[in-house]
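# Structure assessment
As a plain string of letters, each chain reads:
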Amino acid sequence: MTGAGASRACRAAADPPSGPCQGPVLVTGGTGYIGSHTCVCLQAAGYAVLVVDDLSNSGRGVLDAIAGISGTMPLFECADVRDAEAIDRIVARHRPVAAIHFAGVKSVAESSRSPAMYYDINVGGSLCLLKAMARQAPPRIVFSSSATVYGEPEHLPLRESHPLHPESAYGRSKMMVELVLEDVCTADTGASVVALRYFNPVGAHASGELGESPRGIPENLMPYLGRVASGLASRLSVFGDNYPTPDGTCIRDYVHVMDLAAAHVAALRLVLHAPGFHVANIGSGTGISVLELIDAYSAACGRALDYEVVGRRPGDVACYYADPTVARHLLGWTAQRDVHQMCADAHRYATSAAASRASRPAAGRTTPAAGIHARRAGRISGIPVERAGAGTGPGMDASL
Ligand code: NAD
Ligand code: UDP
């Protein structure tokens, strides 16, 4: 997509900034998957961008891709967000108007193996950034939170008021940061924070120049489908088809990364104008099963992708999806792109030269024992599900 195209893609969420901007928007983790797409949208919306990233899970080439799409090279500082001295120096030098804080680690499984590292990077890094921002002015921060803060759903769709009982160190690290930021906004009436609870970000920029490039073999469904579609893996392992859902496979709320990026531009506008602590789900409100995603990806790449059903992945929740009403009212944001566009854009990137450049050697991936797949009608038992309203699951029975 050209710069003009990127601009069109983002316009729905934010007009160009009004009034004098004293400094750039600091984007930690701006060369990562979601951060890079957000940089494109921020620049298209007229904001100057300063990326701070230690490149632990991304490469400098992403900066060129952002510049190629938007026509502007963002400012860049290579630093670890836990390096208080470096972050203080960067904030003092550039005097950012606000920060969008993506930098962190994000694997639920890894967080169970290395919890201290997760708290150090996700909580410690957030505190460092917060303190540096607060030294200059009342902090204005858009924070990358996650739907994992909810844990096992007590009712669907998930609203922001749903109790928080995250089940992993990763989820708890996100909840802790939310709590800290809320307390800061209570103590400092000039502070403003929007915590965005992402559901399942997927897809890529329509140019094929930016996308998700996980190190090693991907653990997540969409990037793994990309490997199967591009011939790097022979088939997908579907982790369980005996869940209490209509086709037996798990249901998630996938949201296109460019829609997610647009949500950050909208959230930035809010933190620039409205003090206080705000939280919003960022999801489409629609549940998609694993088999439905395989079908959509198969249609996007023009061939039926092979899969086999294997055992359940430990810790997987059968079904969750967002109620995105708060995002609509608070941010004026709703997801625009459907699952077909998510798959088409993900596939374009998975088979692009940019993805090959970004790919790195990987270790083997183990899968649970194989089973037999049989599609069948089912129900999401045990969870109250609302039929009407913003959140809609596939074929869900309101009586459940
Ligand atoms: P990503 O790994 O692609 O991007 C994170 C970026 O942060 C990378 O460029 C990495 O190099 C950088 N980084 C990591 N630790 C750092 C540190 N200590 N100092 C400076 N930079 C550091 O991840 P992403 O998918 O773009 O996720 C961005 C944020 O969104 C994360 O906080 C993640 O927890 C959150 N989130 C992601 C998802 C998802 O499915 N991708 C879902 C919910 C929430
Ligand atoms: N999944 C799968 N095979 C894979 C990767 C994921 O069947 O190779 C399933 C997984 O069990 C879950 C869904 O796809 O039900 C989404 O998984 P992902 O890891 O992408 O997101 P998360 O579970 O973190 O929401």
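Located above this text is the structure these notes cover.
Everything in this summary refers to the structure shown in the same document. Every chain's residues receive numbers from 1 upward, in the order its sequence appears when written. Just so you know, chain letters begin at A and ligand numbers begin at 1, following the order they were written in. Restriction of local features to residues with pLDDT of at least 70 applies here, the model being predicted, together with a cutoff of 80 or more for giving and counting side-chain atom pairs; totals for whole chains, interfaces and linings are based on all residues.

### As for the pairing of strand β6 (residues 192–198)
Successive side chains on a regular strand alternate, one facing one side of the sheet and the next facing the other. The buried fraction of β6 is high, at seven of seven residues. Strand pairing is assigned whenever DSSP identifies at least 2 bridges connecting the two strands. In this description a helix means any DSSP run of H or I spanning at least four residues, a strand means any run of E spanning at least two, and both kinds are numbered starting from the N terminus. Two strands pair when backbone bridges link them, and strand β5 (residues 140–146) and β6 are joined in this way by seven bridges, in the parallel orientation. Counted as the bridge partner of Ser144 is Leu196 from β6. Look down the strands so they point away from you; if the path from the first strand over the helix to the second goes clockwise, the crossover is right-handed. Taken together, β5, helix α7 (residues 169–187) and β6 constitute a β-α-β crossover, and its handedness is right-handed. Using C-beta atoms placed from the backbone, we call a residue buried if 20 or more other C-beta atoms fall within 10 Å of its own, exposed if 12 or fewer do, and partly exposed for counts in between.

### Focus on unusual backbone geometry
Backbone torsion omega between Leu156 and Pro157 reads -5°, so that peptide bond is classified as cis. A positive phi angle, close to 60°, is found at Leu55, a residue other than glycine. Assignment of secondary structure puts Leu55 in the loop between β2 (49–53) and α3 (61–70). Judged by local crowding, Leu55 falls into the partly exposed class, with 14 C-beta atoms found within 10 Å. For Arg95, which is not glycine, the phi torsion reads 45° and is therefore positive.

### Describing the site of ligand 2
Around ligand 2 lies a shell of 14 residues, among which Asn220, Leu221, Tyr224, Phe239 and Cys250 are the nearest. Those elements that place two or more of their residues in the shell around ligand 2 are α8 (221–229) and β8 (236–239). Here the element with the most residues in the shell around ligand 2 is β8; it accounts for four residues. Contact assignment follows one rule, namely that a residue is near a molecule or strand if its backbone-placed C-beta atom lies within 6 Å of it.

### What to know about the site of ligand 1
Around ligand 1 sit 25 residues, and of these Gly29, Gly32, Ser58, Gly104 and Ser144 come closest. At the level of elements, α2 (33–44), α6 (115–136) and β5 are the ones that each hand at least two residues to the shell around ligand 1. Take the shell around ligand 1: its biggest share by element is three residues, from α2. All residues other than Ala, Val, Leu, Ile, Met, Phe, Trp, Tyr, Cys, Pro, Asp, Glu, Lys and Arg, Gly among them, are scored as polar; the first ten of these are nonpolar and the last four charged. Along the lines of polarity and charge, the residues of the shell around ligand 1 split into nine nonpolar, 11 polar and five charged.

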